[in-house]
Structures are given as structure tokens and as C-alpha cells.
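# Survey of secondary and tertiary structure
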Amino acid sequence: MKKSIQQFIMIIVILVLGNSGIYFVTAYSQMQESSDLPSQIQTMLFATAAIVYLPLGIWMIKNNLHSRAPYVIASLVSIALIGLYVVSRTVSLPIVGIQEDVGLVDILAKITQGSIVVISLLLLQNWKKAKITIPQ
């Protein structure tokens, strides 16, 4: 396997696991902030995103490019979360309404999610070019 592909895999694993950490911290802080229904729904969303990203990162470590699935799933989850973020800032959603706050954590999460999409697409584009070998 090319060294650049190994580096892309390492970078995307760090991004996915980092994004999981961001969402765990966000869920915890949201839970501490308030206990009303909209806050509980947001806490569940953040915790679910964190839980989804964690096994994806582990799967990517163990996968070593044997399957496209973790990269496709990570891209789709990231695109969905970016889309939900944009919608939540532009449309009044049921229960939670329109969100007006944009913080550093929001920006950091969207940058990592965008990077996950880009790197996944690069890995998938070079899929057939990569020689897949498992070091023994």
C-alpha cells in the first residue's frame, strides 16, 4: 500500500475519532446546560453522532482498505450532520426551533466532517489503484 494512502487512512481515523470526542463533549455540556425537551433531543443527537463515529474509527483502523463501507458510511453520516446543521440554522425545526448560535465547537465539527468527506472520497477514488497488503 502506498505511503500516502496509509497517511490518508491515519488522518481520517484521527478526524473520525476526534469528531466522536467533540460530539461526546458537546452532548455532556448540552446535558449539563438544560433538561427541557429540546435540550434533551439535542443531547441525544450529539450522543448518537458520537457513538456512530467511534466504531467507524475503530473499523477504519482494522479495515486497512479491505472494504469501502466505513469510508462511505463516514461520508454519509458527515454529510447528513452538515446538512442538519445548515437546516437547523435556516429553518425553524419542530421542537427545537431555529438555532442562532454558532460557536467554535460548531465550526470545528463542520471542518472535521468536511475533511472526512474529502479524504473518504480521495481514498475511494484511488481504491483500485491501491495495492492492499496486510503486514504479518
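For the structure itself, consult the block above.
Presented here is an overview of the structure given in this document. (Residues numbered from 1 in each chain as written. Predicted model: local features only at pLDDT ≥ 70, side-chain atom pairs only at ≥ 80, totals over all residues. Heavy atoms only, no water.)

### As for the packing of aromatic side chains
For the coordinates displayed, the defined rule picks out 2 aromatic pairs. For the ring pair Tyr23 and Phe46, a centre distance of 6.0 Å and an interplane angle of 35° mean the geometry is tilted. Taken together, the residues span a long stretch of sequence, with Tyr23 in helix α1 (residues 3-33) and Phe46 in helix α2 (residues 37-63) at a distance of 23 residues. Here Tyr23 and Tyr53 contribute two aromatic rings whose centre-to-centre distance is 6.4 Å and whose plane-to-plane angle is 15°, an arrangement assigned as stacked. Of this pair, Tyr23 sits in helix α1 while Tyr53 is found in helix α2, placing the two residues 30 residues apart along the sequence. (Phe/Tyr/Trp six-rings, centres within 6.5 Å; stacked < 30°, edge-to-face > 60°. Helix = DSSP H or I, 4+ residues; strand = E, 2+ residues; numbered from the N terminus.)

### Regarding the pattern of salt bridges
The tally for this structure, following the rule as stated, stands at 1 salt bridge. Its salt-bridge partner being Arg89, residue Asp106 comes within 3.6 Å of it at the nearest N-O pair. Taken together, the residues span a long stretch of sequence, with Asp106 in helix α4 (residues 104-125) and Arg89 in helix α3 (residues 69-90) at a distance of 17 residues. (Salt bridge = Lys/Arg side-chain N within 4 Å of Asp/Glu carboxyl O.)

### Details of the nonpolar core
Formed by 23 residues in total, the largest nonpolar core has its most connected members in Ile12, Val16, Tyr23, Tyr53, Met60, Ile116 and Leu123. Sorting the residues of this core by element identifies α1, α2, α3 and α4 as the ones contributing at least two each. Residue contributions to this core peak at 9 residues, all from α1. Discounting chain neighbours no more than four positions away, the residues touching Ile12 are Met60, Tyr71, Ile116, Ile119, Ser120 and Leu123. (Core = buried A, V, L, I, M, F, W, Y, C linked by side-chain atoms within 4.5 Å. Buried < 20%, exposed > 50% of the residue type's maximum accessible area, 1.4 Å probe, protein only. Contact = heavy atoms within 4.5 Å.)

### Focus on the environment of Ser4
Mapped onto the secondary structure, Ser4 falls in helix α1. When the C-alpha atoms of Ser4 and Asn126 are compared, they prove to be 11 Å apart, with 122 residues separating the residues in sequence.

### As for the environment of Val91
Tracing the backbone through its elements, the reader meets Val91 in the loop between α3 and α4. Since its relative accessible area comes to 40%, Val91 is described here as partly exposed. Along the backbone, Val91 and Pro70 are 21 residues apart, and their C-alpha atoms lie at a distance of 31 Å. Not counting the four nearest positions on each side in its chain, Val91 is found in contact with Gly97 and Ile98.

### A word on the packing of α3 against α4
Running from N to C, α3 and α4 cross one another at 145°; their axes reach a closest spacing of 9 Å. The hand of the α3/α4 crossing is left-handed. Between α3, through Tyr71, Val72, Ala74, Ser75, Ser78, Ile79, Leu81, Ile82, Tyr85 and Arg89, and α4, the contact on the second element is made entirely by Asp106, Lys110, Gln113, Gly114, Ile116, Val117, Ser120, Leu123 and Leu124. Per-class residue counts for the contact of α3 with α4 are 11 nonpolar, 5 polar and 3 charged. (Axes fitted to C-alpha atoms, helices over the stretch in contact; angles between N-to-C directions. Left-handed = near helix turned anticlockwise from the far one by under 90°. Nonpolar A, V, L, I, M, F, W, Y, C, P; charged D, E, K, R; others polar.)

### A word on a nonpolar patch on the surface
Nonpolar side chains collect at one region of the surface, where Leu17, Phe24, Ile51, Leu54, Ile58 and Ile61 lie side by side and expose about 510 Å² of accessible area between them. Turning to its location among the elements, Leu17 is positioned in helix α1. (Patch = residues over 30% accessible without salt bridge, like charges linked within 9 Å, V, L, I, M, F, W, Y side chains within 5 Å. Areas by Shrake-Rupley, 256 points an atom, 1.4 Å probe, with all protein chains shown as cover.)

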